[in-house]
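Chain by chain, the residues:
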Amino acid sequence: MGTRTIIPFGPQHPVLPEPIHLDLVLEDEKVVDALPSIGFIHRGLERLAEVKDYNELVYVAERICGICSFIHGQGYSQGVETLLNVDVPPRAKYLRTIWAELSRIHSHLLWLGLFADSFGFESLFMHCWRVREKIVDIIEETAGGRVIFGSCKVGGVRRDVSNDTLRRIKDELKAIEAQYNELTPTFINDSSVKRRTVGVGMLSKEQAMSLGAVGPTLRGSGVVWDARKIGYAVYNDLQWEPVVEKGGDCYARSTVRVREVTLSFDLVRQAIDKIPDGPVDVKITGNPTGEFFSRLEQPRGEVVYYLKGNGTKNLERFRIRTPTFANIAPLVIMLKGCELPDVPVIVLSIDPCISCTER
Amino acid sequence: MAHLTIGKIIARSALSKYATRLYPFVKRAPYANTRGHIVNDINACIFCSLCQKKCPTGAITVKKPEKIWEIDRMKCIQCGACVDACPKKCLSMDQQYSAPSPAKNIESFRQEAAPEQKQP
C-alpha cells in the first residue's frame, strides 16, 4: 500500500458549475475513497412555504434551480392542485409539457457543453452552447425569461402561446435540431471523446438500483425507469419510449442525454401537433388540505415533492428530494478506483446541481 | 472509431461570420413577453398595498401616509405577481432588464399630487 494523500476537490474548481466539495483519498494517482460534503448554498426555501401564501410560493419553487426551473414550478403546482382537487385544462397541460421539454433540451445542451469542458474539449463546449442559445431565445419569447419561466401557476399556466407562434417554433426547432445533429457524432463516435469516457466511472445495474440512482445515471446503467411514464401532464398521450443505455460508464450516461435531446425535440413536436384550444387556467378557491407526493422527471432525474396542507393559506410542510441528492451516493462508488484526471469527468457525469440539492 | 468529427463544424465556423452579436454595438430587440423590470405609474397609484402583500420576496414596501412606493431591485425576482394583483393597473413589466448596480439600493417613488378626481 502506497502513501495515502487527501486532495480537496471543490467547492471552487474550474470544471464545477456549482459548489460541491469532495475529499479524495489517493494512493499515488488512484482514488481509493471520496468523501462528499455539501452545505455551501443552503437558502432555506422549504421554510418559506410555512410563511408564504401557497399561490405565491410557485415563484419561489421555480427558483430552487436555475436550469430545471420550470419542472420545479410544475411539480409544486401539480402537488397543490391534487391537494385542492383541481383539474387543469388540457391546453395548460400541453403547454406545461412543451415548456418542460424545452427546458430539458436546454438543460441537456448546457450539460453536454460542460461535460465536453470537463475533458478539455473547449470548442465542443462552445458549439453546444451556441445551439442552446436558440432554445433559450424560444423560451424567452414564449415565457418571458431566459431560464426562469415564471409561467406555471396553481391551476394552469399564466400566459397562453398562440397557435401561430407554436407552429413557427416547430419550424425553428427543425433548424435547431439539424444543427444539434451535427454535434452528436462527436459525443458518440469521436475517438478523443471515447478515450476519456468509455469504461470510466463504472456503475453496474445492481449498484444503480441499490444506491437509488435516478435519471440518466440510472438509465445509463441499463435500468428502464423514467418518471414521465407515470403519466403526469400529457406524457401518456404522446408516443415515446425511455432512452436506455447498458454501458454504466460516463460514455453511456452522456449517450443517454444525447439521445434524450432528440426525444425531447420529438415530444415538443408531437405536443404542438396535438395541442387543443381552450382556456389555460382555472380559478382557485380554498386552501390545500392533506398530503401528497408529487413525482416528476427532471433533466437530472426523478424529483419528489412532498406537500402537506392543513387548511390554511400556508403549507404545513414542503419537502423536496432532488435528483442530485440521490445521485451523490452512486457518485462516491463511481469514483472509487478511478485515476485522478478522470475525477472531473465522473463528477460531471451525474450532472450535479447543488442549488437544487441544498435549496 | 472516427477521428476529428468536429472538423467540418470548425472549418465552417472559421470561414463564416461570428455566431455571437457584437454587443454592445449590436443589441437584440427584447421580446414582447420579456420580464425586465417593474415600473410603477406612481401618479395612478392608490397605495392599496396589494403588491406588497402578493410579492413572494418582500421586495415592495408601500407607505400609505407618506405616499411612497419603494422597490428593492435586488430582491425583486420579476415574477409579475404584483402586476397581476394591481387593481388600478398602474404597475407594469418593462422589457428592459434593470441596470447592474454595485450596491443594494432601494428605489423610492413619491406621489407629489393626489390623483386627478373627476369633477361631479
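Residues numbered from 1 in each chain as written. Chains lettered and ligands numbered in written order. Predicted model: local features only at pLDDT ≥ 70, side-chain atom pairs only at ≥ 80, totals over all residues.

Visitor: Quick question: what am I supposed to make of the overall build of chain A here?
Guide: Counting its regular elements, chain A contains 13 helices and eight strands. Radius of gyration (C-alpha) of chain A: 20 Å, near the 21 Å computed for a compact globule of 359 residues. Over its C-alpha atoms, taken along the principal directions, chain A stretches across nearly 65 × 45 × 35 Å. Per-residue burial for chain A yields a buried fraction of 52% across its 359 residues. Taking the intrachain contacts of chain A between residues at least 6 apart in sequence as the baseline, contacts between residues at least 24 apart amount to 71%. (Helix = DSSP H or I, 4+ residues; strand = E, 2+ residues; numbered from the N terminus. Rg over C-alpha atoms; globule rule 2.2 N^0.38 Å. Buried ≥ 20, exposed ≤ 12 C-beta atoms within 10 Å, placed from the backbone. Contact = placed C-beta atoms within 7 Å.)

Visitor: It is not clear to me how the overall build of chain B should be interpreted in this structure. Could you clarify?
Guide: Scanning chain B from terminus to terminus reveals three helices and five strands. Starting at the N terminus and ending at the C terminus, chain B contains elements arranged as α-β-α-β-β-α-β-β. Dimensions of chain B, computed from the C-alpha atoms along their principal axes, are close to 80 × 30 × 25 Å. For chain B, the proportion of its 120 residues judged to be buried stands at 15%. For chain B, restricting intrachain contacts to residue pairs at least 6 apart in sequence, the fraction spanning at least 24 positions comes to 69%.

Visitor: Just checking my understanding: could you explain the sheet that holds strand S8 (residues 315-321) of chain A for this structure?
Guide: Where strands meet in a sheet, backbone hydrogen bonds hold them as pairs that are either parallel or antiparallel. All names here are of chain A. Ordered in space as S6-S7-S8, the three strands form an open sheet in which the pairing is antiparallel. Looking at which strands have only one partner, the edges of the open sheet turn out to be strand S6 (289-298) and S8. Between one strand axis and the next, the sheet turns through 10° on average, direction left out of account. Direction of pairing for S6 relative to strand S7 (residues 301-310): antiparallel, over a ladder of ten bridges. Counterpart to glutamine 298 in the pairing with S7 is glycine 301. (Pairing = 2+ DSSP bridges. Axes fitted to C-alpha atoms, helices over the stretch in contact; angles between N-to-C directions.)

Visitor: It is not clear to me how the sheet that holds strand S5 (residues 106-110) of chain B should be interpreted in this structure. Could you clarify?
Guide: Residue and element names in this part refer to chain B. The antiparallel open sheet is built from three strands, whose spatial order is S2-S3-S5. Single-partner strands in this sheet number two, and they are strand S2 (60-63) and S5. Neighbour-to-neighbour, the strand axes of this sheet turn through a mean angle of 15°, independent of strand direction. The pairing of strand S3 (residues 68-72) with S5 spans five bridges and is antiparallel. Considered in S5, the bridge of glutamate 70 is made with serine 108.

Visitor: How should the interface of chain B and chain A be read in this particular structure?
Guide: Interface size, as often reported, equals the accessible area lost upon joining of the parts. Listed by partner, the interface residues are 18 residues for chain B and 25 residues for chain A. In terms of residue class, the side of chain B that touches chain A is made up of eleven nonpolar, five polar and two charged. (Nonpolar A, V, L, I, M, F, W, Y, C, P; charged D, E, K, R; others polar.)

Visitor: What should I look at first to understand the confidence of the model for chain B in this one?
Guide: Low pLDDT means the predicted atomic positions in that stretch should not be read closely. Summing up the model confidence of chain B, the mean pLDDT is 83 and the portion of residues at 70 or higher is 93%. Reported confidence for the predicted complex is 0.80 by ipTM and 0.88 by pTM. (pLDDT = per-residue confidence, 0-100.)

Visitor: Would you take a moment to explain helix H11 (residues 323-335) of chain A for this structure?
Guide: Residues spaced three or four apart along an α-helix face the same direction, because each turn holds 3.6 residues. Residues and elements named next belong to chain A. Taking 1.5 Å per residue, 13 residues should reach 18 Å; H11 reaches 18 Å between its end C-alpha atoms and fits that length. Alanine 329 marks the point of greatest bend in H11, at about 35°, and the proline proline 330 comes within the next four residues. Regarding H11, the residues found buried are Pro323, Thr324, Phe325, Ala326, Asn327, Pro330, Leu331, Met334 and Leu335. Phi turns positive, to about 95°, at glycine 337, one or two residues after H11. (Expected span 1.5 Å × (residues − 1). Bend = angle between axes of the 7 residues up to and from the residue.)

Visitor: Help me out: how do you make sense of helix H3 (residues 69-84) of chain A in this one?
Guide: Residues and elements named next belong to chain A. Look at H3: 23 Å from first C-alpha to last across 16 residues, which is about the 22 Å you get at 1.5 Å a residue. Of all 16 residues in H3, 14 are buried, a share of seventy percent or more. Positive backbone phi, approximately 55°, marks asparagine 85, located one or two places after H3.

Visitor: Can you walk me through the packing of H3 of chain A against helix H4 (residues 90-118) of chain A in this structure?
Guide: Helix packing geometry: the angle between the two helix axes and the distance between the axes. Residue and element names in this part refer to chain A. Two elements in contact, H3 and H4, have axes separated by 8 Å at closest approach and are oriented at 145°. Taking contact as the criterion, the partners of Ser69, Phe70, Ile71 and Gln74 in H3 are, on H4, Arg96, Trp99, Ala100 and Ser103. Class assignment of the residues belonging to the contact of H3 with H4 gives a composition of four nonpolar, three polar and one charged.

Visitor: How should the environment of leucine 211 of chain A be read in this particular structure?
Guide: All names here are of chain A. Residue position: leucine 211 is located in the loop between helix H8 (205-210) and helix H9 (216-219). Through-space distance from the C-alpha of leucine 211 to that of glutamate 101 is 27 Å; in sequence the pair is 110 residues apart. Here leucine 211 is in contact with Ala329, Pro330 and Ile333, once residues within four sequence places are set aside.

Visitor: I would appreciate a short explanation of unusual backbone geometry in the present structure.
Guide: Where the residue is not glycine, phi is negative for most of them; where a peptide bond is considered, it is trans in most cases. Cis geometry marks the peptide bond from tyrosine 23 of chain B to proline 24 of chain B; its omega dihedral reads 5°. Within the fold, proline 24 of chain B resides in the loop between helix H1 (7-15) and strand S1 (37-40).

Visitor: Would you mind showing me how to read the packing of helix H5 (residues 122-143) of chain A against helix H6 (residues 163-189) of chain A here?
Guide: Residue and element names in this part refer to chain A. In the contact formed by H5 and H6, the axes pass within 10 Å of each other and the chain directions differ by 170°. Looking at the two axes, H5 sits roughly antiparallel to H6. Taken together, the residues of H6 that come into contact with H5 (itself represented by Leu124, His127, Cys128, Val131, Lys134, Ile135, Ile138 and Thr142) are Thr165, Ile169, Glu172, Ile176, Gln179, Tyr180, Leu183 and Thr186. (Parallel < 35°, antiparallel > 145°, perpendicular 65-115°, else oblique.)

Visitor: Could you clarify how one ought to interpret the environment of glycine 156 of chain A in this entry?
Guide: Secondary-structure assignment places glycine 156 of chain A in strand S5 (residues 156-157). Here the alpha-carbon distance between glycine 156 of chain A and isoleucine 354 of chain A, two residues 198 residues apart in the chain, equals 29 Å.

Visitor: Looking at this structure, how should I read the environment of asparagine 287 of chain A?
Guide: Residues and elements named next belong to chain A. Mapped onto the elements of the fold, asparagine 287 is located in the loop between helix H10 (250-274) and S6. Each C-alpha atom, one on asparagine 287 and one on threonine 217, is 38 Å from the other, the two residues being 70 residues apart in sequence. Setting aside residues up to four positions removed in sequence, asparagine 287 forms contacts with Gly309, Gly311, Thr312 and Lys313.

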